[in-house]
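# Commentary on secondary and tertiary structure
Listed below are the residues making up each chain.
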Amino acid sequence: MTPDELTRHGHAEPKIPVLYEDNHVLAVVKPVNVPTQEDASGDPDLLSLLKEDLKIRHHKPGNVFLGLVHRLDRPVGGAMIFAKTSKAASRLSESVRGRHFRKMYTAVLNGVPAAPQGRLTHYLLKDSRTNTVQAVRPGTAGAKEAILEYRVLGQVDGLSLVQIQLHTGRSHQIRVQMQAIGCPLYGDQKYGGSLSRPGQQLALWSLLAGAPHPVSKEDMSFHSLPPAQFPWSEWPVSLYESMIMPGN
């Protein structure tokens, strides 16, 4: 058994590409449809898989520490950063709270936003019983402010490709905010309504995750491009690469 082909209960687990690793942080590409952490489904989750991988590769006895400092929804893939020590976890979490943790996404939308670029602010309320989120009036009890910036980079057959910079990290934020302006994400079974058909893969990808290194304080920036399959394949790779160029 190789480190990137972990098995559990006799089943092969998805390969998890490592983007970067040192004594303090681990950056990887999260596979789509893998939960970030253990949930009610009981399916293999990324956090547990990575802990097992570290244990094998570094010959560590007992439990392995790995801190989860940000999350991606189960259907979403792309760049993620984990903390390998409690000190690193604390400092990276501070970066998240202080909005020094950078998160850039790309998504394919059903339809085209009215404005080619913009800043969206909504107040989102989560229903934990149904694991759904909705945009509500400001001042609604329990609602949290959600802010993102988007830019439309291409249009094909009623679909649009957008670059998204998150300024807050609310549950299902991108999916709900884009639905709120009438452009739900391609393949979104939860918020796409009649525009998304069963079997379609949610087209949301974590292009870049970055933050000050928890020890050296130097800027860290890790990126991952979406897979070369529909609907991502409707646009050239160079367009995705342009999104992660410095200054974008």
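Refer to the preceding data block for the structure.
Residues numbered from 1 in each chain as written. Predicted model: local features only at pLDDT ≥ 70, side-chain atom pairs only at ≥ 80, totals over all residues. Heavy atoms only, no water.

## A look at unusual backbone geometry
- Here the residue pair F230 and P231 is connected by a cis peptide bond, since its omega of 5 degrees sits within 30 degrees of zero.
- Inspection of the secondary structure puts P231 in the loop between β13 (219-223) and α4 (237-243).
- We note that N33 has phi near 65 degrees; this positive angle belongs to a residue other than glycine.
- With respect to the helices and strands, N33 occurs in the loop between β4 (25-30) and α1 (46-57).
- We classify N33 as partly exposed; its relative accessible area is 38%.
- The phi angle at N131 is positive, at roughly 55 degrees, despite the residue not being glycine.
- Topologically, N131 is positioned in the loop between β8 (117-127) and β9 (132-136).
- Among the residues examined, N131 registers a relative accessible area of 32% and is labelled partly exposed. (Helix = DSSP H or I, 4+ residues; strand = E, 2+ residues; numbered from the N terminus. Buried < 20%, exposed > 50% of the residue type's maximum accessible area, 1.4 Å probe, protein only.)

## Let's talk about the packing of aromatic side chains
- Scanning all chains against the criterion turns up 3 aromatic pairs.
- With a centroid separation of 5.3 Å and an interplanar angle of 20 degrees, the aromatic rings of Y20 and F222 are classed as stacked. On the criterion of sequence distance, the pair formed by Y20 in strand β3 (residues 18-21) and F222 in strand β13 is long-range, its members being 202 residues apart.
- Looking at F222, the relative accessible area reads 11%, which means it is buried.
- Ring centres of W232 and Y240 lie 6.1 Å apart, and the angle between their planes is 75 degrees; on these two criteria the pair is classed as edge-to-face.
- Under the relative-accessibility criterion, W232 is labelled buried at 5%.
- With a relative accessible area of 4%, Y240 lands in the buried category. (Phe/Tyr/Trp six-rings, centres within 6.5 Å; stacked < 30°, edge-to-face > 60°.)

## Quick word on the side chain of D188
- Within the secondary structure, D188 sits in the loop between α3 (173-180) and β12 (204-212).
- At a separation of 3.1 Å, a polar atom in the side chain of D188 contacts the main-chain amide nitrogen of K190.
- Ignoring anything within four residues of it in the chain, the contact list for D188 reads R175, G193, S196 and L202. (Polar contact = N/O pair within 3.5 Å; in protein donor to acceptor, adjacent residues only side chain to side chain. Contact = heavy atoms within 4.5 Å.)

## Quick look at α1
- Helix length check: α1, at 12 residues, gives a terminal C-alpha distance of 16 Å against a target of 16 Å (1.5 Å per residue), a fit within 8%.
- Listed as buried for α1 are L46, L47, L49, L50, D53 and L54. Take α1 and look down its axis: the buried residues cluster within an arc of 160 degrees, on one side only.
- For α1, the capping residue at the N-terminal end is D45, with a side-chain oxygen 3.4 Å from the backbone nitrogen of L47.
- Just downstream of α1 lies H59, where phi reads positive at about 55 degrees. (Expected span 1.5 Å × (residues − 1). Arc of directions from axis to C-beta.)

## Observations concerning the pairing of strand β6 (residues 77-83)
- Within β6, 7 of the 7 residues are buried, which leaves the element mostly enclosed by the surrounding structure.
- Here β4 pairs with β6 via 6 bridges, running antiparallel. Bridging across to β6, V25 finds its partner in A83.
- Pairing of β6 with β12, which is carried by 2 bridges, proceeds in the parallel orientation. Pairing of G77 across the sheet is with W205, part of β12. (Pairing = 2+ DSSP bridges.)

These values are about where atoms sit, not about what they do.
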